[in-house]
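Structural characterization, general
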Amino acid sequence: MECQSILIKNTIIIGSEIKKSSILIENNLISKIDDDLSSNDADEVINGEGKVLIPGLINTHTHLSMSLMRGLADDMPLDTWLNNYIWPAEANLSGEHCYAGALLACAEMIKSGTTTFNDMYFFIDDVAKAVDESGMRGMLSHGMIDLGDEEKRKKEFKESIRIINKCHNTSDGRIKVSLGPHAPYTCSMELLQWVRRKADELGVRIHIHVSETEFEVEQIIDSYGARPFEYLDEIDFLGDDVLAAHGVWLSDSEMDIIRDKKVKISHNPISNMKLASGVSPVSKMISKGINVSLGTDGAASNNNLDLLEEMKTAALLQKIYNLDSTLLSAQHVFEMATINGAKALGIEKELGTIEVDKKADLTLLNFNKTHLTPYRHPLSHLVYSAQGSDVDTVICNGQILMQHRKLLTLDEQEVIQQAEEASKDLLS
Ligand SMILES: [Zn+2]
């Protein structure tokens, strides 16, 4: 449902200040924020009374199509989880599976207020098709793994370039493509150095997993005589266009490297807790001035894609781990899920805050709920009390994707049905 202009009237706007006002969207941009906007000014009017408007949430690390593996294997060690369940399932993956899984993930993310995500997986053409249909904004990457095998490496290079040529900057600019070397322990030095060169040459970003588990850090020390971020720095891989997911096991000097090279970290607390990977030193990184954003990781290790839940967990985890309840305030954690996410993807000039002339990616939450009463500080309620199901309306790039919890770009029942069938087929 495409409108030339949308007016959201009389709502609490979490912008540079928190205030009740009205907001006008024209085409894909926020054009006015003003108390006096009249209903005559817009094609579509949304009543914002009793609601709170935030920037569309930004999930900076996920694997959409893994939604098909939700609940497949819980409560087991990471290596058993990967070797006995996830990798065998992934060996059967087809483009149709990835399409169905990505559609399911998009529907789930829209329903919990996310408008932008950063994905790494396989069959990216099919993922892009789902993202295009959903109306969401996504940065996609083909996950590259060579395990030192030259033939495999060449195939990964070819596929990454093919996907960039085919999908980068498509769907009115909503879909972008980055390079996705899986991790330093699954990718050879040759692969990583090629990625660095290509990223510079093509002007695309880099998405990688680094230091999720203590075991992989030991592997890198054994192979290269340095910790992962030291090694990546030595081979000149790092830069402000690199987004590293997890960053759980970090030394102080690695954090200094991350800060100096302006590497962006995506913190995935629920996945890290569920797989018992460890606790990322997020508060320390923030105090050093490192940009830390939030990700859910795939639904196979979370087991949902709800960033509201992720915000609360991120705050609580830092508090309990450091036995300091003042750490990671509601304000901080909200920034992680919005503006820091935009910075992590290099789109902070266009997204991540509610400001005139920024892209109209907005999430409207219904605060007329028992668990959000009495109305007090909206940021506190958002982080500590709200749930994904409180999201009422979602707009991305000036298009309404969900209104009063009804998806407008996707047929929710059809998406669920398709995902059920794809999951059965994948695991048969
Ligand atoms: Zn991941």
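The model shown is predicted, which means the values in this text are computed figures rather than measured ones.

**Regarding the coordination of the zinc ion**
- Every protein donor of the zinc ion is listed here as H61 (NE2), H63 (NE2), H209 (NE2) and D297 (OD), and their distances to the metal cover 2.1 to 2.4 Å.
- Angles of 84 to 175° at the metal separate the four donor atoms of the zinc ion, which places the site in the irregular class.
- Looking at D297, the relative accessible area reads 6%, which means it is buried.

**Concerning the side chain of K358**
- With respect to the secondary-structure elements, K358 resides in the loop between α13 (339-344) and β15 (362-366).
- Side-chain polar atoms of K358 contact the side chain of T353, separated by 2.6 Å.

**Considerations on helix α1 (residues 78-91)**
- Along its length, α1 shows its largest kink, about 30°, at Y85, and proline P88 lies within four residues downstream of that point.
- For α1, the set of buried residues is W81, L82, I86, A89 and E90.
- Buried residues in α1 make contact with β7 (114-121) and α15 (412-427).

**Concerning the nonpolar core**
- Within the largest apolar cluster, 108 residues are counted, with the highest numbers of intra-cluster contacts made by L64, M69, V131, F229, F237 and L382.
- For this core, the leading source of residues is helix α2 (residues 95-111), giving 11 residues.
- Once you skip the residues sitting within four places of it in the chain, F237 turns out to touch P181, L192, V195, R196, I206, I208, L232 and V242.
- Counting 14 residues, the second largest nonpolar core, distinct from the first, contains I13, L53, L364 and I395.

**Concerning the domain arrangement of the chain**
- Taken domain by domain, the chain holds domain 1 (5-56 + 352-412) and domain 2 (57-344).
- Distance between the C-alpha centres of domain 1 and domain 2: 28 Å.
- Between domain 1 and domain 2, the contact holds 32 residues from the first and 34 residues from the second.
- Of the roughly 2,500 Å² buried between domain 1 and domain 2, counting both surfaces, carbon and sulfur atoms make up 66%.
- Looking only at domain 1, the three residues that lose the most surface to domain 2 are V383, Y384 and L410, adding up to 25% of its buried area.
- In this structure, the connection of domain 1 to domain 2 is made through two salt bridges.
- The partner of R137 in a salt bridge is D361, and the shortest N-O contact between them spans 2.7 Å.
- In this assembly, domain 1 and domain 2 are joined by 10 residue pairs in polar contact (both at pLDDT 80 or more).
- At the level of elements, β5 (51-55), β15, α14 (378-384), β16 (391-396) and β17 (399-403) are the ones that each hand at least two residues to the side of domain 1 that touches domain 2.
- Element by element, the count of residues in the side of domain 1 that touches domain 2 is highest for α14, at five residues.
- Split by residue class, the side of domain 1 that touches domain 2 holds 17 nonpolar, 10 polar and five charged.

Cut-offs and rules
- Residues numbered from 1 in each chain as written.
- Predicted model: local features only at pLDDT ≥ 70, side-chain atom pairs only at ≥ 80, totals over all residues.
- Heavy atoms only, no water.
- Donors = N, O, S within 2.8 Å, 3.2 Å for Na, K, Ca; no water.
- Tetrahedral: all angles 85-135°; square planar, octahedral: opposite > 155°, others 65-115°.
- Buried < 20%, exposed > 50% of the residue type's maximum accessible area, 1.4 Å probe, protein only.
- Helix = DSSP H or I, 4+ residues; strand = E, 2+ residues; numbered from the N terminus.
- Polar contact = N/O pair within 3.5 Å; in protein donor to acceptor, adjacent residues only side chain to side chain.
- Bend = angle between axes of the 7 residues up to and from the residue.
- Contact = heavy atoms within 4.5 Å.
- Core = buried A, V, L, I, M, F, W, Y, C linked by side-chain atoms within 4.5 Å.
- Domains from an automatic or database assignment.
- Buried area = accessible area lost by both parts, 1.4 Å probe.
- Salt bridge = Lys/Arg side-chain N within 4 Å of Asp/Glu carboxyl O.
- Nonpolar A, V, L, I, M, F, W, Y, C, P; charged D, E, K, R; others polar.

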